[in-house]
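Listed below are the residues making up each chain.
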Amino acid sequence: MFFVLLPILLLYFTFLVLPIGAGFVMSFFDYNPLRTNNDFVGLANFARLTNDPVFFKALRNTLYFVFATVPLNIIITLIIAQLISSLDWSKLRASFRVLFFMPCIAPLVASSMVWKQLYNVRYGIINSMLEGLFNIQPINWLGTQSLVIPSVILFTLWADMGYNVIIFSAGMDGIPSDFYEAANIDGAGPISRFFNITLPLLGRTFSFVIAMTFISHFQMFAQFQVLATKGGPNNAGTVLTYLIYKTAFQNKNMGYASAIAITLFLLIMIFTIVQQRVNRVDWGY
Amino acid sequence: MAVDTRHKRHSIGQYISLAILSLVALFIIAPYIWMLMSSFKSTQEIVQNPGVILPINWTLAGYRNVLTNSPFFRWFLNSAIVATSITVLVVFTSTLAGFVFAKFEFKGKEALFWLILATMMVPYQITMIPIFLIVGELNLYDTLWALILPGAVSAFGFYLCRQFCEEIPDSLSEAALIDGAGPMRVYWSIIMPLLKPCIAALAIFTFLEAWNEYLKPLIMLSQVDRMTLPLSLVFFGNAHIHDIGSVMSAASLIMIPAVIVLLIFQKQFIKGISITGTK
Amino acid sequence: MSLRKFLKTLMLTMVVICALVLVAGCTSAAEDDGTDATTVTDDQTVLTFWVHIDNLWNAEQDKIIAEFEAENPDIVIKKEAFPWDDFEAKIQTSLATKEGGADIYLLWGGWAGDYADTGVFSPVPADFMAEVKEDSYEPVLGSFEYDGNYYGVPLEFNNEYGGMLVNTPKFEELELDYPATWDEMIDIARDVTVPKGNTFEFRGFDFPGEDSLTYVWTSMILSSGGQYMDGDEFTFATPIGIETMQTLVDYIKVDGLTDLDGITNAEEQEPYQKFFLGESMMVPRGPWVVPEGEEEYGLTYGVDFEFVSMPFYGADKKFAAETGWGLAVNAATQNPDAAWKFVEFWSQKDRLLEYNIATATIPPYKSLAHDPRFVEAVPYMAPIIDILDGGQFIGHFNTSTLKEEVANMFVDIIDNGTSVEDAVKALDDIMNNQ
C-alpha cells in the first residue's frame, strides 16, 4: 500500500543500508577492485591491524584530535554564546553571530589552503607575527611532529565554532529572563548563574550539540588532507579517515581500508553509547 | 537573557564582553583578510615578502588565470547543480518519509525507522568504498549523478522531519482526511506549510554540506570539467608548483559570494540553524 | 480510496522531479563533450589519453598528437590533463569502474607494479616489444614487466641520481670549482651553510627531498659495494646500509648542512624549488627540473645555475633507478589497434628524441641516449649519459611507498632520537610486510 515510499526506500537501501553491509563484508576480503578474483581472508585484515604501527598512530592521533578539539570547542562556544547573549546591543548580538558563522559556509578544503599558507615556516604570517612581536624564531608548524595536530586543532576550532555558537545562543535566548532575575535577587554571580541556570536549562540542546560535534569530528578529513599532507611528518598528522582514504584509493587495498573503517565506526558507536548514558538523552522515540 | 537595560547605563562588564568578542571576531576575520590581500599578489611576492599584508604590486593575474585558464564557471555550475539537486531531493524525500512515518501505521515501521536512524551513526568512511563501487556498477562514475543520487536521501533529514511531523496534531490531518482531502493534499497543503521552519533548516544544512563537500567528489569525479568547486583548488599551478596567488584568487571567488549570501539571508540562516539544536 | 490517488500523484511528482534533474544532468554531460574543439565524424575512432598537468610536457604531447592525427585522419586523440597531486588516484579509480577510464595513460613506472597482476592494462604486442626491449636500458622496463609480459612502453630513463643543481653565482663568488669528489662536495657544503635560528639562510647540500633522500642513500649503498635487496626481501639493515644512513644523519645532526623541511610534507617548495629561489648551494635532482627553473623561475642556465654531475660516495659508479614515465593501454579499450598505433608512433626514434630533448628527460633507448644530437641539444646531460650503464633497476615494488617510509624513518631518527640501527631494521620490516 505504501509503495510510493518504494523509490525513497530504494534510495535509502542502495546508498545507506547496502553500503554499510557491503563495507562489513568487504573487510573479510583481500579486496582490490582492479582484480577479478578477490580472496576471502577471514579475519586476516583485522589481524593485520594489530601489528600495524601506522594504524595505531592514526588511532592515537584521531583520539587526540577529537578529545582535544571537541571539549575546547564546547567550552569556547559556550563562553562566546554567553557573552553574545548578555550583550545589551541587539544589533551587535546578531552581527557577532553571523560573523562567527562565516567560516562554516566556506568549503573546509579552501579555508585549509588559506591556513596552510598562514602556517608556512618561511613566509607564513603567523611566524612573521611571532618574530615581530616576541622575537620568536620561525616554527615549522605543520612540519614538526608535535605541532601538526595542535595546528589542525586551532584551524578546526576557527572553522567549526559557528554552528555551536548559534545553537547555544539560541538556546540561551530561549531561557526566560525571570530565572535570571530571581537569581540576581538571590545575589548569584554571573558564574554561578551560568552553572545553575543556563547550563541545566540548555540540557537537551547541550547533549545534542556534544553528540553531533563528536560524531562530525571523528569523520573530519579535508583539513588533514591539506594541512597534514601525506600524513604529515612521519605520520604525525595521520588520522583514521586519511588512512582509510589512502589505503583504499592510493594503496588499492579496499579490504584492509574497510577493516580500518569498521574500527572507526566502533569507536564512534562506543562513544555515542557512553555519551547517551552519561547525558541520559532521549532521542524522542 | 535580554534583560531590559534601556534605561540603565551599560556596565563595565558589557564593555569587557564586547572587547573579548571583538578580539575573537578579529581572529575569525584575519585569515579572510590575508586571503583577499594575497589574491592580489603574485606567488613570487607571497613567497618572498613574508610579513607584508598589503600587496606591493597589485595584480589581477591570479584572477585572470582562474577565470581564463580554467573552466571555473563550469565548476561553479557543477557545484550549483549538485547542491541544488541534492537539497531539493533531500527536502522532498525527508519530508515525505517523515510524514508517512509520523502519521501512518504499517507493518515493520518501527524496524525500518531504527534501521534508517542507525545509519546516522555509521561514518561515511565505511560506506564510501561500497558507494564508489555501486556508482561504478551503475555506470555513473565521473558524472554528477554519482554525487546526486547517493546524496538524495538523508537519515538526519528523515529524523528531523519525522520529529516535526509528530508535533503536528493528528486532529489537523485527520480532519482534512475526513473532509475528503487526499493524503497528497494533506501532505502538500497542511503538512508542508507547517514544516516550513524545519524545511528551511534542513535545506540550509543540506545545501551547505553539498556545496562544501570534498571527499565525495574527490572519489567520484575525475575529469577536469566535471569537478566541483572544492576540488578546483589543486588545479592551479604547474606539475609540482602550486600557484599560491591563483589558489588564493580561486578561494576568494569561492568564499566571497557565500559570505554575501550569508549576510543577505542572515536571519534565515541563524533561525534555521537554531531550530536543529532544539530538536 | 483517496490514499491511492495520493500515492499516484506522488509517484508522478517524483518522476517529474527525477526527469528535471535528469535533464539538468544530461545537458551538463552534453556540454562536457563539447569542450574539445575538434569535431568528430562518425567514421573516426576516438581515443582518450590521460596525462598530468605540466605545461611544457603537455605542449609537446599536443604536438605529437597533432602529427599523429594528421597521419591518421581516422583517429582522434582526446587528451585530458589532471592536477599532479590527484593523478595517481584518478588512474586507479577510473580503472576500477565499469567504463574503465581512458584508452591510453601516461603511466609512471613506479606505480605500474601495482597494476601488473590485475590485468587492467593490455600487454605490449610482442613484435613491437621485441624492438623496444633490444635497445632499452634495464631500469626503464623493470616495473612494466610482469610474468614475462610487458604492460607499458617507456618514454624516458628516469634518473634521480648522478646530477645536481649548483648555485653558479655563489661558486663564482667564492672562486670554487664544482666538486669532483664526495668529500669536496661535503666540505663546500659545510663552508657555505648559514643557519638562521631554527631554519636556514642558506643551505649547503639540501638532499632530504621526496626522491633525493632515497636515491642518495641507495646510491651510497650500491657504490660502496652493498645491496639493499636480496631477491624480493629488503635488506637495508646491513653494515653498509646502517653506516651510510649514519653518514646522512650526521650531515644534519653534526654538520647541520640543512634540515628536514624537504620531507616533512609541510612545505610548498621542494628543495630544488627553494634552490631556484636562491636559498641553497647544491641540490641533487633529475635533469627534468632544469626547464622548470628557466620557465617558472625566470632563471638563465649557465648564469644563475647549472646542472652538473654529482660525485659518487663509494668507488663504484652505481645507483638505483626506477622505471619512469611510459605509455600504457587500457585492457578494456574498444580500439586496441588504434591505441597501440599511437604508442608506436610516439616511440619512433626521431620523434621520441625530440620529445626527450624538449622535456629534458633522458631517452630510454641506448641508441638515442648516445645519439650525438641529444647531447648537442641538451649539453648538461653529457655527464649523466656516461653513468647510465651503472643504473640498476630499483626493484619490483611501489616506489612511492619506499620513499615515504625512508622519509618517515629519517624524521624518526633525527627528531625522535631513534637509533639508526633500529630505524633501518624497522624500515626493512615495514617494507617486507607490504
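1. Overview of the overall build of chain B
Regarding its fold elements, chain B presents 15 helices and two strands. What you see for chain B is a C-alpha radius of gyration of 24 Å, clearly larger than the 19 Å of a compact globule of 279 residues, by over 25%. Looking at chain B as a whole, 49% of its 279 residues qualify as buried.

2. Some thoughts on the interface of chain A and chain C
Buried accessible area, meaning the area lost when the parts come together, often serves as the stated size of an interface. The interface is formed by 25 residues belonging to chain A together with 28 residues belonging to chain C. Split into classes, the residues belonging to the side of chain A that touches chain C amount to 11 nonpolar, 11 polar and three charged.

3. A look at the domain arrangement of chain C
All names here are of chain C. Assigned domains within chain C: domain 1 (45-158 + 322-393) and domain 2 (163-320 + 398-432). With centres defined by C-alpha atoms, the gap from domain 1 to domain 2 works out at 28 Å. At the interface, 19 residues of domain 1 touch 19 residues of domain 2. Contributions of two or more residues to the side of domain 1 that touches domain 2 are made by helix H4 (109-116), helix H17 (382-387) and strand S16 (391-393). Considering every element that reaches the side of domain 1 that touches domain 2, the biggest residue donor is H4, with four residues. When the residues that make up the side of domain 1 that touches domain 2 are grouped by side-chain class, the tally is nine nonpolar, eight polar and two charged.

4. Focus: the interface of chain A and chain B
Each partner contributes to the interface: chain A provides 80 residues, whereas chain B provides 71 residues. Element by element, the count of residues in the side of chain A that touches chain B is highest for helix H1 (residues 5-26) of chain A, at 14 residues. Classifying every residue of the side of chain A that touches chain B by side-chain character gives 61 nonpolar, 16 polar and three charged.

5. What to know about the environment of Asn164(A)
Residue and element names in this part refer to chain A. Summarising the element assignment, asparagine 164 is placed in helix H7 (residues 145-173). As a C-alpha pair, asparagine 164 and proline 176 span 12 residues in sequence and 20 Å in three-dimensional space. If we skip the residues at most four places from it in the chain, asparagine 164 touches Asn73, Ile74, Thr77, Val209 and Thr213.

6. Focus: the confidence of the model for chain C
Residue and element names in this part refer to chain C. Per-residue pLDDT for chain C has a mean of 88; in total, 91% of the residues score no lower than 70. Within the model, the stretch residues 20-37 combines pLDDT values under 50 with 15 contacts to residues more than four positions away or in other chains. Predicted complex metrics record ipTM = 0.88 and pTM = 0.90.

7. Comments concerning helix H8 (residues 155-167) of chain B
In this model, H8(B) (13 residues) spans 19 Å end to end at C-alpha, consistent with the 18 Å of a helix rising 1.5 Å per residue. Among all positions in H8(B), only Ala155(B), Gly157(B), Phe158(B), Tyr159(B), Leu160(B), Cys161(B), Arg162(B), Phe164(B) and Cys165(B) are buried.

8. Topic: the domain arrangement of chain B
Annotation of chain B at the domain level lists domain 1 (12-64) and domain 2 (71-235). Using C-alpha coordinates to define each centre, domain 1 of chain B is positioned 37 Å away from domain 2 of chain B.

9. Details of the sheet that holds strand S1 (residues 45-52) of chain C
All names here are of chain C. Ordered by their spatial adjacency, five strands build an open sheet running S2-S1-S3-S15-S6, and the pairing between neighbours is mixed. Each having just a single partner strand, strand S2 (75-82) and strand S6 (153-154) make up the two edges of the open sheet. Inspection of the sheet shows S1 paired to S2 by eight bridges, in the parallel sense. From the neighbouring strand, valine 51 faces S2, where its bridge partner is alanine 81.

10. Observations concerning the pairing of strand S3 (residues 104-108) of chain C
Residue and element names in this part refer to chain C. With respect to burial, S3 is a largely interior element, five of its five residues being buried. Sheet topology places S3 next to strand S15 (residues 325-329); five bridges connect them, and they run antiparallel. Across the sheet, residue tyrosine 105 finds its bridge partner in S15, namely alanine 328.

11. Remarks on the environment of Phe113(B)
Residues and elements named next belong to chain B. Take phenylalanine 113: it is sitting in helix H5 (residues 109-118). Exposure remark for phenylalanine 113: the 17 C-beta atoms within 10 Å place this residue in the partly exposed category. Taking the C-alpha atoms as reference points, phenylalanine 113 and alanine 155, separated by 42 residues in sequence, lie 9.6 Å from one another.

12. Side note on the sheet that holds strand S7 (residues 163-166) of chain C
Residues and elements named next belong to chain C. Reading across the sheet, the five strands line up as S8-S9-S12-S7-S13 and stay open at both edges, with mixed pairing between neighbours. With one partner strand each, in any of the chains shown, strand S8 (194-196) and strand S13 (306-309) form the two edges of the open sheet. Direction aside, the axes of adjacent strands within the sheet are offset by 35 degrees on average. Of the strand pairs in this sheet, S7 and strand S12 (residues 280-284) are connected by three bridges, and their pairing is antiparallel. Bridging from a neighbouring strand, valine 166 pairs with methionine 282 of S12. Here helix H8 (residues 182-192) sits on the sheet in contact with strand S9 (199-205) and S12, set at roughly 160 degrees to S9.

13. Remarks on the nonpolar core
Core analysis: the largest hydrophobic core is formed by 279 residues, its most contacted members being Ile260(A), Leu233(B), Ala251(B) and Leu165(C). Setting aside residues no more than four positions away along its own chain, Leu233(B) makes contact with Val109(A), Ala110(A), Met113(A), Val247(B), Ala250(B) and Ala251(B).

Definitions and cut-offs
Residues numbered from 1 in each chain as written. Chains lettered and ligands numbered in written order. Predicted model: local features only at pLDDT ≥ 70, side-chain atom pairs only at ≥ 80, totals over all residues. Helix = DSSP H or I, 4+ residues; strand = E, 2+ residues; numbered from the N terminus. Rg over C-alpha atoms; globule rule 2.2 N^0.38 Å. Buried ≥ 20, exposed ≤ 12 C-beta atoms within 10 Å, placed from the backbone. Contact = placed C-beta atoms within 7 Å. Nonpolar A, V, L, I, M, F, W, Y, C, P; charged D, E, K, R; others polar. Domains from an automatic or database assignment. pLDDT = per-residue confidence, 0-100. Expected span 1.5 Å × (residues − 1). Pairing = 2+ DSSP bridges. Axes fitted to C-alpha atoms, helices over the stretch in contact; angles between N-to-C directions. Core = buried A, V, L, I, M, F, W, Y, C linked by C-beta atoms within 7 Å.

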